[in-house]
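Descriptive structure summary
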Amino acid sequence: MASRKTTVPLLLVLLSLLLEFLIVKATIIHPHDGYLDKACIEGERKALLEFKHGLEDPSGWLSSWVGADCCKWRGLDCNNQTRNVVKVDLRNRDYKYSKGLGGEISDSLLHLKYLSYLDLSSNDFQGIQIPNFLGSFERLRYLNLSNAKFGGTIPPHLGNLSQLRYLDLNGGYSYYSLTIGTYSLNWLSGLPLLKYLDMGNANLSKATTNWMQPVNMLPSLLELHFLGCQLSDFSHYSDPNPFVNLTSLQVIDLSYNNFNTTLPGWLFNITTLRGLYLKGARIKGHIPHVNLQSLRNLGTLDLSYNGLASEGIELVNGLSICCNNSLEELYLGFNGLSGELPDSLGNFNNLRSLDLSYNSFDGPLPNSIQHLTNLESLDLSKNTISGSIPTGIGNLLRMKRLDLSFNLMNRTIPNSIGQLGELTELNLDWNSWEGVISEIHFSNLSKLEYFSLHLSPKTKKQPFRFHVRPEWIPPFNLKYIDISNCYVSPKFLSSNCLKTQKRLECIVLKNVGMLDTIPEWLWKLDLFLLDLSRNQLYGKLPNTISFSSNALVDLSFNRLTGRLPLWFNVTGLFLGNNLFLGPIPLNIGDSSSLEVLHVSSNLLNGSIPSSMSKLEGLMALDLSNNHLSGKIPKNWNDLHIPYAIDLSKNKFTGGIPSWMCSMYSVNWLKLSDNKLSGELSPSLQNCTWLYSLDLGNNRFSGEIPKWMGERMLSLRQLRLRGNMFTGDIPERLCGLSDLHILDLALNNLSGTIPKCLGNLTYFTFMNLLAIGFYNDDDDNAHTAFSDHMELVMKGQDMEFGSILPIVNLIDFSGNNLWGEIPKGITNLSTLGTLNLSHNQLTGKIPQKIGAMQGLETLDLSCNRLSGLIPPSMSSITSLSHLNLSHNLLSGPIPLTNQFSTFNDPSIYEANLGLCGIPLSANCSTPNDQKHKDDQDGEEYEDGRYMTWFFISMGLGFPVGFWAVCGNLALNKSWRHAYFRFIDETMDRLHVFIMVNMVRLKRKIERVGFHGWKEHGSALK
């Protein structure tokens, strides 16, 4: 009782003392009445007005800077006692939608002697230099000029701000990024109290050799941010155990620099480090052999987008020992890490975020992953992980984001995944799942917002099934759903599973076997993406609908009917391969937001409405494969020309309107398979950025213009087949270095094949860029224009789509070309198809044709080629289609390599001189050939003797003649003796003949004429 009595007076005393203290305090703060209403310092007010006068303020941010009391002006704070301005905060917090302040920064600010805080960040000073006078504020503790678009050299005068604690000069991501920089950082030594330093996106390339030395002289520094500064050197601290004075440093961000070296050892000596960010800094293995125990406080490590390779696993194992209790975020994506995921991952007790995406990890997920009970985000996408998801994944009850997409996981999805009650994002795309996903997999996923199960369309095993009851009401309310290339119920669109999802913004149900109409409730959703393509949906579409802003709608490859709808707020509309009929709406131009219009392969008729020229944002237009007719409109707005136009496979007439190339923006122009005629318009030469020009199967005439090879230097695909072009093939086409498809077949071209054809450089090397660009797996991308072209290959009409960039073809068939095949054509080592058939070519097949190792199709049929089939042709191991028929070839058909697979005799027919398999005409056997060789040898010997005989005769006659006649002419005695001998011989011959004639006469007279005649008959 006594204690209670003493307590009450004590409380009263304490209350009285507290009241007296408050009164005294109020007196100190307000020594006289009305102090708070006192205006600010007049000199400072005038200085601020002068500062305002030099600024540009398009948003009226400084409109409140009026009146006598500047302490009440927006962005200013004053000292409550002295009324001096101590804080100027003009940061543009609405920078996404407003430029903010600009103009000049007046040095009148120097009148603010007590200024301790200055923030001009996120404004637009259009590249002016940071004023030198900012280094004269003796009391300044906070300076933020980030993202304000300053340029030029950072003034070293900032090193005079000895009281500065916070300095942010981040250049941001704009045109002026990296235009601000410095040649030296030595001025930092004048800021001994600095705790926060951010010079991100400033150009420090000139200071890269000694940047760490002045930073090391800031002992109070807590955070260092040098992101994207073009630093490239750690050389001054290459020693693994250097002296590091950064004893308080907690955060280092050196991301996106060009170090191109291993991790420096001194980083591991900073025991206070909590965050280390080296994303995209070109760090490569190996990891230095240091004591990782120094990183025992490390909470975040970001080494993504580097080249750690196999060293990354060693780092993970080391960190799992020393940082197993501290590490909360680990990012090692895009590093080329390989092998199986280590079991040590399960040792990180407090890990909240783990990103190992875009590596080459294989094998199964380790079971130890179930021990990461604090994990909130796990990204293992873009690896080659196989097997199943461990059933223990249900233990990760804090998991919010799980991404296992683009792997090789090929087992069933465990039911335990349905226990992840905090999960908001689940991505299981592009795996080879087995079995079924059903209601039990979603039993507790009440917070799920994003679900994606987009599988590969090429899977060959039993299709995966998404099976839920039509009446099932899910526990979640999705914003995004993507189920593609697996089976759902044919009436899935009408099920409660979708109908109850009121927050849906994106629906992708592609190639899932739905057979249904599109329900009315779906059109009431505020969608920005609707993809129901490649199903069997039928029925008519609403004529007018207003979607969410910039929506994309893909209903292609279905059986939808009726008139083409007119929808608003749609930027991409894909309605191709349906059964829409009738004309294009006359007011199509009212769909002002339309950027991509694909309505190919329908039953549309009529002409192109003139209002289509009002689509100012139209980038790609595909009206191909319909029944449209008339002339292509001429009144298109020149300022808004699509970069891709496909009007092929219709019935358009007339010529090519000049607007199509009135600007250089057109990249793809396809007008094939129409009834267009006339000579090619000179306006086409203005299409200097044209990649693909397809005018095939029309009625164009005249010569192929030479300017095609002079002005269209970006041309990659030129298809003019099936027209009426005449004249020569222009040699200027050889200057198109990117050309990889040249199809001039079925025209009336004449002359010889240009010898310069071998200079088409694209065919002389392997185009790795095109191969890398080609990706036949991703069928989820809604590209504005999908390049495609019909070509004749292997004797068949074939349509090429996504692989077109790697198709290499030259087709001159069906013309009147003559002369020989130029030898230089063998330089085209990567040419895939060469078709010169149905011409009048003569001469021989080039002997070095074997150098064309990329050839898959070679057609030289129906010409007048002669000679042997070159032996080198058998070395073209890629050759799968060959036609040499109807020529004048002779000799044996090669039997080695690919020729052993060509068993069809028709590819050699009508070559009377050819023999061997598969023709019926046999070539000589080996024995016959040996006998023939022996005969040829004997004939050769006889021929040799006869040759020498005639040579001897030729030489002997003059020698013998002059040996005799020469002596007779020169020696008189010999001459007289010789002629005397001749006279005597002639006399003796005369006497001999006369004596025998007298004897014969006497004998006849004695026997009688008749007797002599009978004697002669008996002799017969």
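What counts as what
- Residues numbered from 1 in each chain as written.
- Predicted model: local features only at pLDDT ≥ 70, side-chain atom pairs only at ≥ 80, totals over all residues.
- Heavy atoms only, no water.
- Helix = DSSP H or I, 4+ residues; strand = E, 2+ residues; numbered from the N terminus.
- Buried < 20%, exposed > 50% of the residue type's maximum accessible area, 1.4 Å probe, protein only.
- Areas by Shrake-Rupley, 256 points an atom, 1.4 Å probe, with all protein chains shown as cover.
- Salt bridge = Lys/Arg side-chain N within 4 Å of Asp/Glu carboxyl O.
- pLDDT = per-residue confidence, 0-100.
- Contact = heavy atoms within 4.5 Å.
- Disulfide = S-S within 2.5 Å.
- Phe/Tyr/Trp six-rings, centres within 6.5 Å; stacked < 30°, edge-to-face > 60°.

**Side note on the overall build of the chain**
- When its secondary structure is counted, the chain shows ten helices and 59 strands.
- The proportion of buried residues among the 1020 residues of the chain is 49%.
- Of the roughly 49200 Å² of accessible surface on the chain, a fraction of 54% belongs to carbon and sulfur atoms.

**Some thoughts on the pattern of salt bridges**
- For the structure shown, the criterion picks out 19 salt bridges.
- One salt bridge in this structure joins Glu 328 and Arg 352, with 3.2 Å as the shortest N-O distance. A residue pair is termed long-range when its members are at least 10 positions apart, and Glu 328 in the loop between helix H4 (311–322) and strand S15 (329–331) and Arg 352 in the loop between strand S16 (338–340) and strand S17 (353–355) qualify at 24 residues.
- Look at Arg 352 and you get partly exposed, because its relative accessible area is 29%.
- Arg 719 is the partner of Asp 694 in a salt bridge, and the nearest nitrogen-oxygen pair spans 2.9 Å. With Asp 694 in strand S43 (residues 692–694) and Arg 719 in strand S45 (residues 717–719), this pair connects stretches of sequence that are 25 residues apart.

**What to know about the confidence of the model for the chain**
- On average, residues of the chain score 85 in pLDDT, and 82% of them are at 70 or above.
- Confidence drops under a pLDDT of 50 for residues 1–36, and excluding neighbours within four residues, the segment shows six contacts in the predicted structure.
- With pLDDT under 50 throughout, residues 1007–1020 is counted as low confidence; its partners more than four residues away or in other chains account for one contact.

**Overview of the state of the cysteines**
- Inspection of every chain in the model, using the stated rule, returns five disulfides.
- Sulfur-sulfur distance for the disulfide between Cys 40 and Cys 70 comes to 2.0 Å. Taking the sign of the S-S torsion, 135° for the link of Cys 40 and Cys 70, the bridge is right-handed. You can see Cys 40 sitting in the loop between helix H1 (2–29) and helix H2 (42–53) and its partner Cys 70 sitting in the loop between strand S1 (55–56) and strand S2 (76–78), a full 30 residues away along the chain. The residues Cys 40 and Cys 70 share a single accessibility class, namely buried.
- At a sulfur-sulfur separation of 2.0 Å, the disulfide partner of Cys 71 is Cys 78. Across the S-S bond of Cys 71 and Cys 78 the torsion is about -100°, and the bridge reads as left-handed.
- Classification of Cys 71 by relative accessible area gives buried; the value is 14%.
- Classification of Cys 78 as buried rests on a relative accessible area of 14%.
- Among the cysteines of the chain that take part in disulfides, numbered as they appear in the sequence, the pairing is 1-2, 3-4, 5-6, 7-8, 9-10.

**A short note on the environment of Leu 884**
- Following the sequence through the fold, Leu 884 ends up in the loop between strand S57 (881–883) and strand S58 (888–892).
- What makes Leu 884 buried here is its relative accessible area of 0%.
- Distance in space between the C-alpha atoms of Leu 884 and Asn 863 is 8.8 Å, their sequence separation being 21 residues.

**Let's talk about the packing of aromatic side chains**
- Using the criterion set out here, one finds 25 aromatic pairs in the structure.
- Geometrically, the ring pair formed by Phe 442 and Phe 466 is tilted, given 5.9 Å between the ring centres and 55° between the ring planes. Of this pair, Phe 442 sits in the loop between strand S24 (436–437) and strand S25 (450–454) while Phe 466 sits in strand S26 (residues 465–466), placing them 24 residues apart in sequence. In this structure, Phe 442 and Phe 466 share a single accessibility class: buried.
- Ring centres of Phe 547 and Trp 567 lie 5.5 Å apart, and the angle between their planes is 55°; on these two criteria the pair is classed as tilted. Of the two residues, Phe 547 sits in strand S31 (residues 546–554) while Trp 567 sits in the loop between strand S32 (559–561) and strand S33 (568–574), which places them 20 residues apart along the sequence.
- Judged by its relative accessible area of 7%, Phe 547 is buried.
- Trp 567 sits in the buried class, given a relative accessible area of 3%.

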